[in-house]
Structure formats: C-alpha cells, structure tokens
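One-letter residues, chain by chain:
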Amino acid sequence: MPHTPSTLLPINLPEVLAEVQAVFARYEDALVHNRVEVLDELFWNSPHTLRYGATENLLGYQAIQAFRAGRSPQGLARCLHNTVITTYGPDFATANTEFRRAGSTRLGRQSQTWMRTPEGWRVVAAHVSLLD
C-alpha cells in the first residue's frame, strides 16, 4: 500500500511548530541586526550545509561563516510576506518567505531547511533569490 507523507510523519505538531517559529524569528532578528554570532550558531556546523545566495553559492559551514563575517551591515532591513513554516515530525522543518528590502521594489525569496540537532534547531540548507 503506498504511503502519503502525512501517514509517515505528523505535520505541524503544535509544540514543534512553535519551536521552529521561534528560532525562525530569532534568525530573522539576527539577520536584520547583523548579529553574525547568532547567524553562525543557527547554521549547522557541517561540510554538508549549503547556502545559495542571491549572488553567491556557499558550500559548507566555513564558507557560510566567512561570507557572514565579510558582509556589509548596511541595508539589511526588510519586511517579510507570505511566510510558511511547515514541520515534518519532531526534527525536520522548512521555512519559506518572501521579503522586500527597505527602499527596494525587488521581491526576494528565502527558503530554509531546518533540522533538530543535539545543539538545537539548525539551518542545513538555504536559498535566497531576487525577482526583478
């Protein structure tokens, strides 16, 4: 008998969804305030972690960390729209959102894959892109 994802893992368990919503909010606050140490903490420290940015492809935690350390703290303010966070079982989640930077008409899109680790929730993959 074929299985559907909903029969394999419970979707959006309330306590798990609340955890991921909170860590996503913490990530967003760190991003717009350039709290690099928090951003570094929230990415999984692994060579398997990746972040495809609007202008860069970063493979591995060290590449992501170096990018954050060298990034300008200017122009990071943004407004989020259409944020969708979905959890799959107790240890896996996705977060997708649209954003606009202050003073820009371009629409940005951000996707994150989150995994619960012994240290807490961590981003294991991220993608940021901009539409004209």
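Right, let's walk through the structure included here. It should be emphasised that the depicted structure is a prediction, and the values quoted were computed from it without experimental measurement.

Description of the overall build of the protein
When helices and strands are counted, the protein shows four helices and six strands. Ordered by position in the sequence, the α and β elements of the protein form the string α-α-α-β-β-α-β-β-β-β. Its C-alpha atoms give the protein a radius of gyration of 15 Å, near enough to 14 Å, the size a compact globule of 132 residues would have. If you line up the protein on its principal axes, its C-alpha atoms span 50 × 30 × 25 Å. In the protein, which comprises 132 residues, the proportion classed as buried is 37%. Considering only intrachain contacts with a sequence separation of at least 6, the fraction spanning at least 24 residues in the protein is 47%.

A word on the side chain of Q112
Looking at the element boundaries, Q112 is found in strand β5 (residues 107-117). Here the side chain of Q112 touches W114 through a polar contact of 3.0 Å, side chain to side chain.

Regarding helix α2 (residues 14-32)
In this model α2 runs 27 Å from its N-terminal to its C-terminal C-alpha over 19 residues, within 8% of the 27 Å that 1.5 Å per residue would give. Of the residues making up α2, those classed as buried are V16, L17, V20, V23, F24, Y27, E28, A30 and L31. Buried residues of α2 fall within an arc of 160° about the axis and therefore sit on the same side. Within two residues after α2, N34 carries a phi angle of roughly 55°, on the positive side.

Remarks on the pattern of salt bridges
A full pass over the atoms with the stated rule returns seven salt bridges. Of the charged contacts, one joins D29 and R35 as a salt bridge, the two residues approaching to 2.4 Å between their closest N and O atoms. Residue D91 is joined to R116 by a salt bridge in which the shortest nitrogen-to-oxygen separation is 2.8 Å. Note that D91 is positioned in the loop between β3 (78-88) and β4 (92-101) and R116 in strand β5, a separation of 25 residues in sequence. Taking relative accessible area as the criterion, D91 reaches 37% and is therefore assigned partly exposed.

A short note on the nonpolar core
Counting 22 residues, the largest nonpolar core has Y27, L42, F43, I85, W114 and W121 as its most contacted members. For this core, the secondary structure elements donating two or more residues are α2, α3 (36-42), α4 (61-70), β4 and β6 (120-131). Take this core: its biggest share by element is eight residues, from α2. Sequence-distant contacts of L42, defined by excluding residues within four places in its chain, comprise V23, R26, Y27, W114, W121, R122 and V123.

Details of α4
Among all positions of α4, only Y61, I64 and R68 are buried. Buried residues along α4 cover an arc of 65° about the axis, so they all sit on one side. Opposite the packed face of α4, turned more than 90 degrees from it, sit the exposed residues Q62, A66, A69 and G70.

Quick look at the pairing of β4
Both β3 and β4 contribute to a ladder of nine bridges, which runs antiparallel. Along β4, the bridge assignment pairs R78 with R101. Connecting β3 to the antiparallel partner β4 that follows it, the hairpin turn spans three residues, and G89 within it adopts a positive phi of roughly 70°. As consecutive antiparallel partners, β4 and β5 are separated by five residues, and within that stretch G103 has a phi angle of approximately 80°, a positive value.

What counts and how
- Residues numbered from 1 in each chain as written.
- Predicted model: local features only at pLDDT ≥ 70, side-chain atom pairs only at ≥ 80, totals over all residues.
- Heavy atoms only, no water.
- Helix = DSSP H or I, 4+ residues; strand = E, 2+ residues; numbered from the N terminus.
- Rg over C-alpha atoms; globule rule 2.2 N^0.38 Å.
- Buried < 20%, exposed > 50% of the residue type's maximum accessible area, 1.4 Å probe, protein only.
- Contact = heavy atoms within 4.5 Å.
- Polar contact = N/O pair within 3.5 Å; in protein donor to acceptor, adjacent residues only side chain to side chain.
- Expected span 1.5 Å × (residues − 1).
- Arc of directions from axis to C-beta.
- Salt bridge = Lys/Arg side-chain N within 4 Å of Asp/Glu carboxyl O.
- Core = buried A, V, L, I, M, F, W, Y, C linked by side-chain atoms within 4.5 Å.
- Pairing = 2+ DSSP bridges.

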